[in-house]
Amino acid sequence: QQLNTDELYQHSGQYYFSKGFNNRAIIALLLGILPNVPGFLLTIKVISHDAFPEWVSHLYNYAWFVGFFVSGISYILMMQSYRKINLNAITANSK
């Protein structure tokens, strides 16, 4: 891996995302939170215990691990496709 330091601080550089936000990272964060929501809602007694299968509500006991792995894997997968598209565009522009 190489870091292109000239591009780091340019608003239209290769490291600039949509208006300064990496949308793929935000989506990965939300995907990591999503499996833990049913257990949270059960814990604060907003929904009944019959609303979700029992195994789904038990995921909340491991919320840190579930969120970390779901977010991490989804982020890696989404960024791999982004890097391929971005590298192809950079290679095409440099020729």
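Structure: above.
The model shown is predicted, which means the values in this text are computed figures rather than measured ones. Residue numbers run consecutively from 1 along every chain, following the written order of its sequence. Selection of residues for local features in this predicted model requires a pLDDT of at least 70, selection of side-chain atom pairs for listing and counting requires 80 or more, and totals for whole chains, interfaces and linings are taken over all residues. Water and hydrogen atoms were dropped before computing side-chain values, which therefore reflect all heavy atoms in the structure.

1. So, the packing of aromatic side chains
The relation between two aromatic rings is expressed through the spacing of the ring centres and the mutual angle of the planes. Applied cut-off: Geometry of aromatic contacts follows a simple scheme: Phe, Tyr and Trp rings, the Trp one being its six-membered ring, pair when their centres are within 6.5 Å, and the pair is stacked under 30 degrees between planes, edge-to-face over 60, tilted otherwise. Note on conventions: DSSP H or I runs of at least 4 residues are helices, E runs of at least 2 residues are strands, and numbering of each starts at the N terminus. The classification of residues rests on relative accessible area computed with a 1.4 Å probe and restricted to protein chains. Under 20% of the type maximum is buried, over 50% is exposed, and intermediate values are partly exposed.
One pass over the full model with this rule turns up two aromatic pairs. Look at phenylalanine 40 and tyrosine 60: their rings are 6.1 Å apart centre to centre, the planes differ by 55 degrees, and that puts the pair in the tilted class. With phenylalanine 40 in helix α3 (residues 37-43) and tyrosine 60 in the loop between α4 (54-58) and α5 (63-94), the pair connects residues that are 20 residues apart, well separated along the chain. On the basis of relative accessible area, phenylalanine 40 is assigned to the partly exposed category, the value being 39%. Given the relative accessible area of 29%, tyrosine 60 is considered partly exposed. With a centroid separation of 5.2 Å and an interplanar angle of 80 degrees, the aromatic rings of phenylalanine 68 and phenylalanine 69 are classed as edge-to-face.

2. A few points about a nonpolar patch on the surface
Using the following cut-off: Grouping into patches uses exposed residues only, defined as over 30% relative accessible area, and leaves out salt-bridged ones; the cut-off is 9 Å for like charges and 5 Å for nonpolar side chains (Val, Leu, Ile, Met, Phe, Trp, Tyr). Per-residue accessibility takes into account occlusion by the displayed protein chains alone, with areas from the Shrake-Rupley method and a 1.4 Å probe. Only one rule defines a salt bridge in this text: a Lys or Arg side-chain nitrogen within 4 Å of an Asp or Glu carboxyl oxygen.
A cluster of nonpolar side chains, Phe21, Ile26, Ile27, Leu29, Leu30, Leu31, Ile33, Leu34, Val37 and Val70, forms an exposed patch at the surface whose accessible area comes to about 860 Å². The leading source of residues in the nonpolar patch is helix α2 (residues 23-33), at six residues. Relative to the helices and strands, leucine 31 resides in helix α2.

3. Here's the deal with the side chain of asparagine 22
Here is the rule we go by: What makes two residues a contact is simply this: any of their non-hydrogen atoms within 4.5 Å.
With respect to the helices, strands and loops of the structure, asparagine 22 is situated in the loop between α1 (5-8) and α2. Sequence-distant contacts of asparagine 22, that is, excluding residues within four places in its chain, are made with Phe17, Tyr75 and Met79.

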